[in-house]
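Close look at the chain arrangement
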Amino acid sequence: QKEVEQNSGPLSVPEGAIASLNCTYSDRGSQSFFWYRQYSGKSPELIMFIYSNGDKEDGRFTAQLNKASQYVSLLIRDSQPSDSATYLCAVSYRDDKIIFGKGTRLHILP
Amino acid sequence: GAGVSQSPSNKVTEKGKDVELRCDPISGHTALYWYRQSLGQGLEFLIYFQGNSAPDKSGLPSDRFSAERTGGSVSTLTIQRTQQEDSAVYLCASSLGHNSPLHFGNGTRLTVT
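Notes on the structure in this doc start here. Keep in mind the model is a prediction, meaning the values are calculated, not measured.

In this model, the largest pocket occupies a volume close to 680 Å³. For the largest pocket, the lining is made up of 31 residues, of which Gln38(A), Gln37(B), Ser38(B), Gly40(B) and Gln41(B) are closest to its centre. For the lining of the largest pocket, the elements supplying multiple residues, two or more each, are strand S9 (85-92) of chain A together with strand S9 (88-95) and strand S11 (108-112) of chain B. Classifying every residue of the lining of the largest pocket by side-chain character gives eight nonpolar, 19 polar and four charged. Its volume calculated, the second largest pocket comes out at about 480 Å³. Listed by contribution, the elements that provide at least two residues to the lining of the second largest pocket are strand S1 (4-5) and strand S10 (98-100) of chain A together with strand S5 (44-50) of chain B. Taken together, the residues of the lining of the second largest pocket break down into five nonpolar, six polar and seven charged.

Okay, structure coming up:
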């Protein structure tokens, strides 16, 4: 059974602080990892993707991947109220099936 | 360029009727995925296509659901004899293939009365 687990939240973070979102996955053969942001009533939009162990930075966002521990995380620096949304972790398996976690609701407190 | 296009954007149908949902992927994208999202829930994987082939149909909820893709482009998701529990947003996404990120359409909101 291919599973992707996320804490549903809500995660409340003060404006300007760092938001840390975590995700674990079940299959060690997973190859690609994605973070999507979804605003209420809208479709998911890609924030970042990561393939290799370590960190990948893009502006205020950093994705971290640890394949040995089977987890991937997303850090959002200098959190803004506009970052308030549901963040979806997605994992691509060897057969190209892409499974999503249920998402973590993030609330940035002004 | 044009993104993933889904139609209709909204569909209200009576229980027992058949519905057909359409997805037009980004040009050149070989992979196409269908997901279902019920209110307040995550994305439920339904099916994906590599070209015109669907390697894994295990996500389809029942035999009332079917999907096809022709010419490596447009895909249709058909739900026969709709039930109220089929009410959800149906999302289509496409990608360049293996390990590539998905690009989503705006979804079709299906309401079964």
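Under the counting rule described, the total for this entry stands at two disulfides over all chains. Covalently, Cys23(A) is tied to Cys89(A) through a disulfide, its sulfur atoms 2.1 Å apart. The S-S bond linking Cys23(A) to Cys89(A) shows a torsion near -70 degrees; that makes this disulfide left-handed. Of this pair, Cys23(A) sits in strand S3 (residues 19-25) while Cys89(A) is found in strand S9, placing the two residues 66 residues apart along the sequence. Relative accessible area serves as the criterion here: at 0%, Cys89(A) is assigned to the buried category. There is a disulfide in this structure between Cys23(B) and Cys92(B), and the S-S distance comes to 1.9 Å. Given an S-S torsion of about -70 degrees, the disulfide between Cys23(B) and Cys92(B) has left-handed geometry. Taken together, the residues span a long stretch of sequence, with Cys23(B) in strand S3 (residues 19-24) and Cys92(B) in strand S9 at a distance of 69 residues. Among the residues examined, Cys23(B) registers a relative accessible area of 0% and is labelled buried.

Examined against the element boundaries, Ser32(A) turns out to sit in strand S4 (residues 32-38). Accessibility expressed as a relative area gives 0% for Ser32(A), which makes it buried. Looking at Ser32(A), its side chain comes within polar contact range of the side chain of Asn99(B), at 2.6 Å. Every residue in contact with Ser32(A), bar those within four places of it in the chain, is listed here: Ile50(A), Tyr51(A), Ala90(A), Val91(A), Ser92(A) and Asn99(B).

Turning next to the environment of Tyr87(A). Residues and elements named next belong to chain A. With respect to the element layout, Tyr87 can be found in strand S9. For the pair Tyr87 and Ser8, spaced 79 residues apart in sequence, the C-alpha to C-alpha distance is 9.5 Å. With residues near it in sequence (within four places) discarded, Tyr87 still touches Gln6, Leu21, Trp35, Tyr36, Arg37, Ile47, Leu74, Ile76, Gly103, Thr104 and Leu106. A distance of 2.6 Å separates the side chain of Tyr87 from the backbone oxygen of Asp83, its partner in a polar contact.

Quick look at the pattern of salt bridges now. Residue and element names in this part refer to chain A. This structure, assessed with the given rule, holds six salt bridges over all chains. Taking the shortest distance from any N to any O, the salt bridge between Arg60 and Asp83 comes out at 2.9 Å. Of this pair, Arg60 sits in the loop between strand S6 (54-58) and strand S7 (61-66) while Asp83 sits in the loop between strand S8 (71-76) and S9; the two residues are 23 residues apart in sequence, bridging distant segments of the chain. Its relative accessible area of 26% is what places Arg60 among the partly exposed residues. According to the relative accessible area criterion, Asp83 is buried, its value standing at 1%.

Parameters at a glance
Residues numbered from 1 in each chain as written. Chains lettered and ligands numbered in written order. Predicted model: local features only at pLDDT ≥ 70, side-chain atom pairs only at ≥ 80, totals over all residues. Heavy atoms only, no water. 1 Å grid on protein atoms, 1.4 Å probe; cavity = no way out; pocket = protein on both sides within 12 Å on 5 of 7 lines; lining within 4 Å. Points joined across faces, edges and corners; volume = space filled by probe spheres on them. Helix = DSSP H or I, 4+ residues; strand = E, 2+ residues; numbered from the N terminus. Nonpolar A, V, L, I, M, F, W, Y, C, P; charged D, E, K, R; others polar. Disulfide = S-S within 2.5 Å. Buried < 20%, exposed > 50% of the residue type's maximum accessible area, 1.4 Å probe, protein only. Polar contact = N/O pair within 3.5 Å; in protein donor to acceptor, adjacent residues only side chain to side chain. Contact = heavy atoms within 4.5 Å. Salt bridge = Lys/Arg side-chain N within 4 Å of Asp/Glu carboxyl O.

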